[in-house]
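Examining the three-dimensional arrangement
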Amino acid sequence: MTDEPTKTLKLMVTGGAGYVGSVCAARLIEAGHDVTVVDDLSTGHADAVHPDATFVEGDAAEVAGRLLGDGFDGVLHFAAKSLVGESMTDPAKYWEGNVLTSLRLLEAMRDHGTKRLVFSSTAATYGEPESSPIPETAPTQPTNTYGATKLAIDHAITSFSRAHGIAAVSLRYFNVAGAYGSFGERHTTETHLIPLVLQVATGDRERIQIFGDDYPTSDGTAIRDYIHVVDLADAHLLALRHAADGEHRIYNLGSGTGFSVLEVIEACRRTTGHEIPAAVAPRRAGDPSVLVASSERAGDELGWKPERTDLDGIVADAWTFTQSRQNV
Ligand code: UFG
């Protein structure tokens, strides 16, 4: 498959009305691929579906079962429940919505002979890391149900790719941020740091809470690896190209640089010109102190190199997007 980099592929993008899925669909379409977005709009937005995509509203597994026979070359599977806190209070929603749906999707791929899969996995599969930066060989000990369901799917993909010759790649995202033009992060229930800080800048939120200032880090706040959503999306295109029949490859996607919560808030102040009041609050349960990726494997095997690593630039793209949504 590595010898056909420019071939137009017919691709199904589940969750293509969501944040990462919509940016990825846009980049795939710009690269000349034929994209069908499948989304049940439970958390996605109809107007985030790229205008040049075919859109099918519905459950990913059900639609895959019905449509994959129409000559699809591959699936990019983004559709998922992804709120860590909710996964702890309503685990059934996550085992069903993530694991069962993905299993049914894999069965549909097997039944229709669909041979390529790129799956959205997560840094949450590693849990509290034993060392930093985190390579793919690190132990997978998820501390929340969300991460456990994504890890379970990774295991299922390994079995299916071996048994049915599927060329599969799992991409383990660290902290996705930024935006791509009109495609960005707009969750109804927002839990992520950068969009929440920007809501303070727009005046939609009074202050940002800093969850813990007693971590063993230089300024006491937790450190994360923020990766621009466009760099992340481009890794999916490379994964499609380099996927190998019958193999399941796993890659971490991060910039390799960590920023503290205070550094992110400062970047948001600089970028927006707003004061952004902040208050220290207790640690959020289950938050590791430092999560930074080693993405060496993605560099070596996919030729992936994140290009938008400047934190102010990432925040600026998110801010432009946030402002564009203000009067919608
Ligand atoms: N934070 C705050 N205040 C807030 C929100 C977040 O201080 O109002 C802090 C968090 O405690 C954390 C950091 O900002 O230290 C980043 O938090 P996010 O919620 O933005 O992201 P997480 O690191 O918790 O989550 C990310 C992905 C998840 C994934 C997880 C893996 O978004 O999907 O990494 O641990 F599961």
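Quick look at the structure, then.

What counts as what
- Residues numbered from 1 in each chain as written.
- Predicted model: local features only at pLDDT ≥ 70, side-chain atom pairs only at ≥ 80, totals over all residues.
- Heavy atoms only, no water.
- Pairing = 2+ DSSP bridges.
- Helix = DSSP H or I, 4+ residues; strand = E, 2+ residues; numbered from the N terminus.
- Axes fitted to C-alpha atoms, helices over the stretch in contact; angles between N-to-C directions.
- Contact = heavy atoms within 4.5 Å.
- Parallel < 35°, antiparallel > 145°, perpendicular 65-115°, else oblique.
- Left-handed = near helix turned anticlockwise from the far one by under 90°.
- Nonpolar A, V, L, I, M, F, W, Y, C, P; charged D, E, K, R; others polar.

Quick look at the sheet that holds strand 1 (residues 10-14) now. Ordered by their spatial adjacency, 7 strands build an open sheet running 3-2-1-4-5-6-11, and the pairing between neighbours is parallel. The open sheet has two edge strands, strand 3 (54-57) and strand 11 (248-253), and neither has a second partner. Across this sheet, the average inter-strand angle for adjacent strands is 20°, counted without regard to direction. Along the sheet, helix 1 (residues 19-30) contacts strand 1, strand 2 (34-39), strand 4 (74-77) and strand 6 (167-173); its crossing angle with strand 2, the most-contacted strand, is approximately 165°. Against the sheet, helix 2 (residues 60-67) contacts strand 1, strand 2 and strand 3, and its axis sits at roughly 160° relative to strand 1.

Moving on, we get to the packing of helix 8 (residues 261-272) against helix 10 (residues 311-326). The interhelical angle for the contact between helix 8 and helix 10, taken along N-to-C directions, is 60°, at an axis separation of 9 Å. In terms of orientation, helix 8 lies oblique with respect to helix 10. Relative to helix 10, helix 8 is oriented so that their crossing is right-handed. Where helix 8 abuts helix 10, its residues E263, V264, A267, C268, R270, T271 and T272 lie against L311, D312, V315, A316 and W319. Class assignment of the residues belonging to the contact of helix 8 with helix 10 gives a composition of 7 nonpolar, 2 polar and 3 charged.

Quick look at the sheet that holds strand 12 (residues 259-260) now. Pairing in this open sheet of 3 strands is mixed, and the strands run 12-9-14 from one edge to the other. Pairing within the sheet leaves two strands with one partner each, and these edge strands are strand 12 and strand 14 (290-291).

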